[in-house]
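# Survey of secondary and tertiary structure
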Amino acid sequence: LAVGMGVGQALLVLLAACAVMPAKDPLLNICMDAKHHKTKPGPEGMLHDQCAPWKDNACCTANTSSEAHKDQSNLYNFNWNHCGLMPPKCKRHFIQDTCLYECSPNLGPWIDQADSSWRRERILHVPLCKEDCEEWWEDCKDYVTCKENWHKGWNWATGTNRCPWGSMCRPFSHVFPRPKDLCEKIWSNSYKYTTEHRGSGRCIQMWFDPAQGNPNVVVAKYYAWKKRSSPAWMENVTPETDKAVCALLWPVLVLLPLALVVFPEGAGGCG
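Going by the annotation in an unreviewed UniProt entry, the name recorded for the protein is FOLR1 protein, with Thalassarche chlororhynchos given as the source organism.

And the structure:
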């Protein structure tokens, strides 16, 4: 009987772990510690234009979302038009990129420490969907720029970013020969180019229809689970396996007292 009770206690502990684990994941539904981010995500009724898809659960405020759409934004005093006027079809991708960065609560698995004065955390190697990266490059390839990395190295003497002395404005397609170059290099590897497609559950979408729900919630859960799991475990287990194990434990626990009553000698026979 003691053995049976011990098994029952062990099952209770496992079930408790099943119940607690998903709710306590520190990588999910969080905002990074950066210049304009809220401390935790929540509804924002009036997010502006391209940031609106995040209004049900956002890390940005309405004011931040509005500033993200300006040519000379107060967010970082960054000027998109440093080599002439950026075409609207190109600019919309940079606005969407800003909205994702400022508003998304689904970037937790890629939050990393930052060594800058204006933020403590940044994103690193976010797996961007193939279509998002390639459309960005396609719509911007004819614009011109003087720099490969837009995070650093600008001339800020006038209070806004200007091309460094001696640098030349060149077509995007020369500075970034492939979509991969644009997505990975422009923001110091904040993004990682992938061959995963929108809707696969394996890549983050900058663009999505909020009427269909936020597809990045599932992606963050997958990569959070992947980050928690050891390499050896990863080869044989999928996220659904965790749920399956928990589901199997419930009927076992329910039937255990009955088994102890019907087979009391068997339960203690090993002693």
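## A few points about the overall build of the protein
Counting its regular elements, the protein contains 10 helices and 6 strands. The buried share of the protein, reckoned over its 271 residues, is 44%. At a minimum sequence separation of 6, the contacts of the protein that also span at least 24 residues come to 64%. When the accessible surface of the protein is summed, it comes to about 14800 Å², and 60% of that surface belongs to carbon and sulfur atoms.

## Comments concerning the environment of Tyr191
Structurally, Tyr191 can be placed in strand E6 (residues 191–193). Between the alpha carbons of Tyr191 and Cys129 there is a distance of 9.9 Å; along the sequence they are 62 residues apart. Apart from residues no more than four positions distant in its own chain, Tyr191 is found in contact with Asp97, Leu100, His125, Val126, Leu128, Trp136, Cys183, Glu184 and Met206.

## Overview of helix H4 (residues 130–140)
All of the buried residues in H4 are Asp132, Cys133, Trp136, Trp137, Asp139 and Cys140. The inward-facing, buried residues of H4 contact helix H3 (88–103), strand E3 (126–128), helix H5 (172–175), helix H6 (179–185) and E6.

## Description of the state of the cysteines
Each disulfide consists of a covalent bond between the sulfur atoms of two cysteine residues. Applying the stated criterion to the full structure yields 8 disulfides. A sulfur-sulfur distance of 2.1 Å marks the disulfide that ties Cys31 to Cys59. Between Cys31 and Cys59, the S-S torsion sits near -90 degrees, and that sign places the bridge as left-handed. Of this pair, Cys31 sits in the loop between helix H1 (2–20) and helix H2 (62–67) while Cys59 sits in the loop between H1 and H2, and the two are 28 residues apart along the sequence. On the accessibility criterion, Cys31 (11% relative accessible area) is buried. The disulfide that involves Cys60 links it to Cys103, with 2.1 Å between the sulfurs. Note on the Cys60 and Cys103 pair: the S-S dihedral is about 95 degrees, so by sign convention the disulfide is right-handed. Separated by 43 residues along the polypeptide, Cys60 in the loop between H1 and H2 and Cys103 in helix H3 bring together distant segments of the chain. When its relative accessible area of 0% is taken as the criterion, Cys60 is described as buried.

## Side note on the environment of Glu121
Among the structural elements, Glu121 can be located in strand E2 (residues 119–123). Placed 90 residues apart in sequence, Glu121 and Cys31 show a C-alpha to C-alpha distance of 9.8 Å. Within the local environment of Glu121, its side chain forms a polar contact with the backbone nitrogen of Asp33, the two atoms lying 2.8 Å apart.

## Some points on the nonpolar core
Counting 49 residues, the largest nonpolar core has Phe94, Trp136, Trp150, Phe172, Ile186 and Trp187 as its most contacted members. When contributions to this core are tallied by element, the ones reaching two or more residues are H3, E3, H4, H5, H6, E6 and helix H7 (216–228). Per element, the largest residue contribution to this core is 7 residues, and it comes from H3. Those residues in contact with Ile186 that sit more than four places away from it in its chain are Phe94, Trp136, Glu148, Asn149, Trp150, His151, Phe172, Phe176 and Asp181.

## Some words on the pattern of salt bridges
Applying the stated criterion across every chain, the model contains 12 salt bridges. The closest approach of N and O atoms between Arg198 and Asp132, which form a salt bridge, is 2.8 Å. With Arg198 in the loop between E6 and H7 and Asp132 in helix H4, this pair connects stretches of sequence that are 66 residues apart. Its salt-bridge partner being Asp181, residue Lys185 comes within 3.6 Å of it at the nearest N-O pair. Taken together, the positions of Lys185 and Asp181, both in helix H6 and 4 residues apart, correspond to about one turn of that helix. Connected via shared salt-bridge partners are Glu148, Arg178, Asp181 and Lys185.

Cut-offs applied
Residues numbered from 1 in each chain as written. Predicted model: local features only at pLDDT ≥ 70, side-chain atom pairs only at ≥ 80, totals over all residues. Heavy atoms only, no water. Helix = DSSP H or I, 4+ residues; strand = E, 2+ residues; numbered from the N terminus. Buried < 20%, exposed > 50% of the residue type's maximum accessible area, 1.4 Å probe, protein only. Contact = heavy atoms within 4.5 Å. Areas by Shrake-Rupley, 256 points an atom, 1.4 Å probe, with all protein chains shown as cover. Disulfide = S-S within 2.5 Å. Polar contact = N/O pair within 3.5 Å; in protein donor to acceptor, adjacent residues only side chain to side chain. Core = buried A, V, L, I, M, F, W, Y, C linked by side-chain atoms within 4.5 Å. Salt bridge = Lys/Arg side-chain N within 4 Å of Asp/Glu carboxyl O.

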